[in-house]
Amino acid sequence: MVRHVSNAKFSLATVFSLLVGIGFQRAGAAAPSCPGDFAVQVLGSGGPVPEGHRASSGYLIWIKGHSRVLVDAGGGTFLRFGEASAKIEDLSLVAITHFHADHVADLPALIKAGYFSDRTRSLPISGPSGSDEFPSLTAFLHAEFSSPQGAFAYLSGALDGTGGEFKLDPVEVALPRAVPMVVLETSDLTVLAAPVSHGPVPALGYLIRTSAGTIAFSGDQNGNNPVFWEMIQGADILVMHLAISEHPDPVAAKLHALPSVIGKQAAGARVKQLVLSHLMARSLATLPENLKTIRQYYKGHVSVTHDLECFSPQPVAQ
Ligand SMILES: [Zn+2]
């Protein structure tokens with residue numbers, strides 16, 4: 001029943017977005033930002049494979065019409081950032097989950113775009129510490145932007161604020177850890193990071209908290225780290241990555257959560273709304289079965305998202 005409702009919503013939304021997209025293409029204008037006090041907009045609902053109309057991983061948090069937090073910047077999110085009418089000047093944080101290419105490949109392009117913006121104040125950027133195989137946030141930024149060794153040494157102002165660029169302020173989350181870490185706290189916004197299990201990759205999930213509710217991001221994870229699930233207890237929205245079916249190959253099973261794990265953990269954490277993203281041909285091929293498995297355990301609202309879709313916490317019933 002709920003699957004039917006979810007699919008119907010998806011179809012209507014898809015038709016609407018196609019119509020709107022055609023209109024905006026003709027007009028040469030951008031799509032509107034998310035309405036309301038607090039929302040997440042999906043910039044990239046896909047994974048590492050170019051399989052149609054999905055960018056790689058990326059999400060925007062909107063607060064009262066302002067694009068305040070960018071979670072990941074995978075390939076294609078640069079384009080979607082513009083289509084969403086997001087502003088680099090409005091960002092309070094870039095929150096990176098991990099350093100797989102489908103989560104950070106567009107970061108230099110967005111930093112370069114900042115040169116052409118009015119932003120002068122520094123921009124906090126959070127991410128995990130490193131391992132033998134993966135760089136820490138600090139090492140990644142140096143590999144990209146340091147001068148003269150960095151791949152984009154001409155953007156070295158991102159590290160020191162020189163050359164007409166705004167400075168990135170790294171907030172590195174040391175892993176492993178047993179408790180979440182506050183990576184940003186402002187007058188209207190708190191962002192926490194928690195470790196997640198993504199095979200051998202140091203990785204984070206995030207929780208965004210405002211007076212209008214909470215939105216959580218799984219990042220890529222196999223669902224097995226309790227610190228993340230404790231952090232997001234009662235979240236209004238969980239953006240969860242559905243990258244595999246119930247019977248994946250052993251490597252994929254270490255990296256990503258089975259549909260049954262998604263259902264059990266979302267139910268255990270009492271999240272109010274589940275948004276499935278990071279969709280790939282291999283998880284979409286068995287989508288009806290995957291949704292059925294999730295719904296065996298999780299009884300809240302489930303959405304299968306697409307790029308540029310917005311989600312807001314639902315008002316509490318009186
Ligand atoms: Zn990954």
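Scroll up for the structure.
Residues numbered from 1 in each chain as written. Predicted model: local features only at pLDDT ≥ 70, side-chain atom pairs only at ≥ 80, totals over all residues. Heavy atoms only, no water.

A. Spatial organisation of the overall build of the protein. Looking only at helices and strands, the protein features 11 helices and 14 strands. Within the protein, the proportion of its 318 residues that are buried is 53%. Pairs at least 24 residues apart make up 64% of the contacts formed inside the protein by residues separated by at least 6 positions. Accessible surface for the protein amounts to roughly 13700 Å². Of this, 59% is attributable to carbon and sulfur atoms. (Helix = DSSP H or I, 4+ residues; strand = E, 2+ residues; numbered from the N terminus. Buried < 20%, exposed > 50% of the residue type's maximum accessible area, 1.4 Å probe, protein only. Contact = heavy atoms within 4.5 Å. Areas by Shrake-Rupley, 256 points an atom, 1.4 Å probe, with all protein chains shown as cover.)

B. Spatial organisation of helix α5 (residues 137–145). Turning to α5, its buried residues number three or more, namely Leu-137, Phe-140, Leu-141, Glu-144 and Phe-145. Relative to the axis of α5, the buried residues are bounded by an arc of 105° and lie together on one face. Of the surrounding elements, those touching the buried residues of α5 are α3 (101–104), α4 (107–115), β5 (123–128), α6 (157–160) and β6 (168–173). (Arc of directions from axis to C-beta.)

C. Representation of the pattern of salt bridges. A full pass over the atoms with the stated rule returns five salt bridges. Across the pair Arg-80 and Asp-307 runs a salt bridge, and its minimum N-O distance is 2.8 Å. Remark: Asp-307 occurs in the loop between β13 (301–304) and β14 (310–311) and Arg-80 occurs in helix α2 (residues 77–83); sequence separation between them is 227 residues. Comparing Arg-80 with Asp-307 shows no difference in burial state: the two are buried. Linking Lys-272 and Asp-236 is a salt bridge whose minimum nitrogen-to-oxygen distance equals 3.8 Å. With Lys-272 in the loop between α9 (259–268) and β12 (273–277) and Asp-236 in the loop between α7 (226–231) and β11 (237–241), the pair connects residues that are 36 residues apart, well separated along the chain. Exposure remark for Asp-236: the relative accessible area of 15% places this residue in the buried category. (Salt bridge = Lys/Arg side-chain N within 4 Å of Asp/Glu carboxyl O.)

D. View of the state of the cysteines. In total, this model carries one disulfide according to the counting rule given. The residue that forms a disulfide with Cys-34 is Cys-310, at a sulfur-sulfur distance of 2.0 Å. Measuring the twist about the S-S bond at about -85°, one finds the Cys-34-Cys-310 disulfide to be left-handed. In this pair, Cys-34 is assigned in the loop between α1 (2–27) and β1 (38–44) and Cys-310 in strand β14, connecting sequence segments 276 residues apart. (Disulfide = S-S within 2.5 Å.)

E. Focus on the sheet that holds strand β4 (residues 93–95). Spatially, seven strands are ordered β6-β5-β4-β3-β2-β1-β14 in an open sheet, and the strand pairing comes out mixed. Across the chains shown, the open sheet's two edge strands, defined by having one partner strand only, are β6 and β14. One ladder, built from six bridges, connects β5 with β6; its direction is parallel. In the sheet register, Ser-126 faces β6, and the bridge partner there is Val-171. Sheet strands in contact with α5 are β5 and β6, and its direction is about 145° off that of β6. (Pairing = 2+ DSSP bridges. Axes fitted to C-alpha atoms, helices over the stretch in contact; angles between N-to-C directions.)

F. Seen up close, the environment of Ala-193. Mapped onto the fold, Ala-193 is located in strand β8 (residues 190–196). Residue classification places Ala-193 among the buried positions, given a relative accessible area of 0%. With near-sequence residues (within four places) excluded, Ala-193 lies in contact with Val-173, Pro-180, Met-181, Val-183, Leu-204, Gly-205, Tyr-206 and Met-231.

So, to be careful, I would describe these as geometric facts and stop short of saying anything about function.
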